[in-house]
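Structure at a glance
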Amino acid sequence: SAVISQKPSRDICQRGTSLTIQCQVDSQVTMMFWYRQQPGQSLTLIATANQGSEATYESGFVIDKFPISRPNLTFSTLTVSNMSPEDSSIYLCSVERTAYGYTFGSGTRLTVV
Amino acid sequence: AQRVTQPEKLLSVFKGAPVELKCNYSYSGSPELFWYVQYSRQRLQLLLRHISRESIKGFTADLNKGETSFHLKKPFAQEEDSAMYYCALPPNGAGSYQLTFGKGTKLSVIP
């Protein structure tokens, strides 16, 4: 199965600033997904990122707040912009399904103060 | 729309007791379901999927289409089983490629 390296693993940020989260995959994948996991909640899909096209955002998420880059088939970034304490969550990336199912990054635990 | 329901937010059992984590689903067509587990401060990882009919770490899950359920079971809980467990459905329909997760159940195994 694909191996995903996600960083940073955690960060504490000031409100109003931005944080960029990176995910590197050890194989080429067409689709990458970004999820948010708020405290005590399940995973919510933020957007789907395909290489060579604009990311597709789910209802409630907008590009200005969560810009995504997908420069090649092994890498993607998610930026959390103009952060507020409500953005404190775990952010995870995932890739399209393989024979082994869906693989997830280790997550980025973000705390906004 | 497809939906996954995990009715229990928290389940506490004593070590050695049987465990059943409930999952019900709503899905058009023939579903393929997954259980994911997230141990403390570790990444989300696949525990098992129903099509493989395997037992991982002593856990099994049987798809019951009549009851639209995919409950996760283990006959004797161990302390290391304490974790968050998520039931998930794969994409259904054109333009959909991501998993749909339930809200998760936190399993706490009491020594």
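For the structure itself, look to the data block above.
Figured I'd write up the structure that's included with this text.

What counts, and where the lines are drawn
Residues numbered from 1 in each chain as written. Chains lettered and ligands numbered in written order. Predicted model: local features only at pLDDT ≥ 70, side-chain atom pairs only at ≥ 80, totals over all residues. Heavy atoms only, no water. Contact = heavy atoms within 4.5 Å. Buried area = accessible area lost by both parts, 1.4 Å probe. Salt bridge = Lys/Arg side-chain N within 4 Å of Asp/Glu carboxyl O. Polar contact = N/O pair within 3.5 Å; in protein donor to acceptor, adjacent residues only side chain to side chain. Helix = DSSP H or I, 4+ residues; strand = E, 2+ residues; numbered from the N terminus. Pairing = 2+ DSSP bridges. Phe/Tyr/Trp six-rings, centres within 6.5 Å; stacked < 30°, edge-to-face > 60°. Buried < 20%, exposed > 50% of the residue type's maximum accessible area, 1.4 Å probe, protein only.

Below, the discussion takes up the interface of chain B and chain A. With 20 residues of chain B at the interface, the matching set in chain A holds 21 residues. With both chains or domains summed, chain B and chain A bury close to 1,700 Å², and 49% of this area falls on carbon and sulfur atoms. Applying the counting rule to chain B against chain A returns 0 salt bridges. Our enumeration of links across chain B and chain A arrives at 7 residue pairs in polar contact (both at pLDDT 80 or more). No other element matches strand S5 (residues 34–38) of chain B, which puts 3 residues into the side of chain B that touches chain A.

Residues and elements named next belong to chain B. Taken together, 3 strands build an open sheet; the order of strands is S3-S8-S7 and the sheet is antiparallel. Single-partner strands in this sheet number two, and they are strand S3 (19–21) and strand S7 (60–61). Here S7 pairs with strand S8 (residues 72–74) via 2 bridges, running antiparallel. Residue pairing for S8: Thr60 is matched across the bridge by Lys73.

Across all of its chains, the model carries 11 aromatic pairs over all chains by this definition. Look at A:Tyr35 and B:Phe101: their rings are 5.9 Å apart centre to centre, the planes differ by 85 degrees, and that puts the pair in the edge-to-face class. Separated into two different chains, A:Tyr35 in strand S4 (residues 31–37) and B:Phe101 in strand S10 (residues 100–101) make up a pair that spans both. Classification of B:Phe101 as buried rests on a relative accessible area of 9%. Look at B:Phe59 and B:Tyr85: their rings are 5.5 Å apart centre to centre, the planes differ by 45 degrees, and that puts the pair in the tilted class. Residue B:Phe59 is located in the loop between strand S6 (45–49) and S7, and its partner B:Tyr85 is located in strand S9 (residues 83–89); the two are separated by 26 residues in the primary sequence. Both residues of the pair, B:Phe59 and B:Tyr85, count as buried.

All names here are of chain B. By the definition in use, this model includes 5 salt bridges over all chains. Across the pair Lys73 and Glu20 runs a salt bridge whose closest N-O atoms are separated by 3.6 Å. Residue Lys73 is located in strand S8, and its partner Glu20 is located in strand S3; the two are separated by 53 residues in the primary sequence. Of the residues examined, Glu20 reaches a relative accessible area of 27% and is grouped as partly exposed. A salt bridge links Lys74 to Asp81; its shortest N-O distance comes to 2.8 Å. Across the pair, Asp81 and Lys74 agree in class, each one buried. Shared partners join several salt bridges into a network, and the residues in it are Glu20, Lys22 and Lys73.

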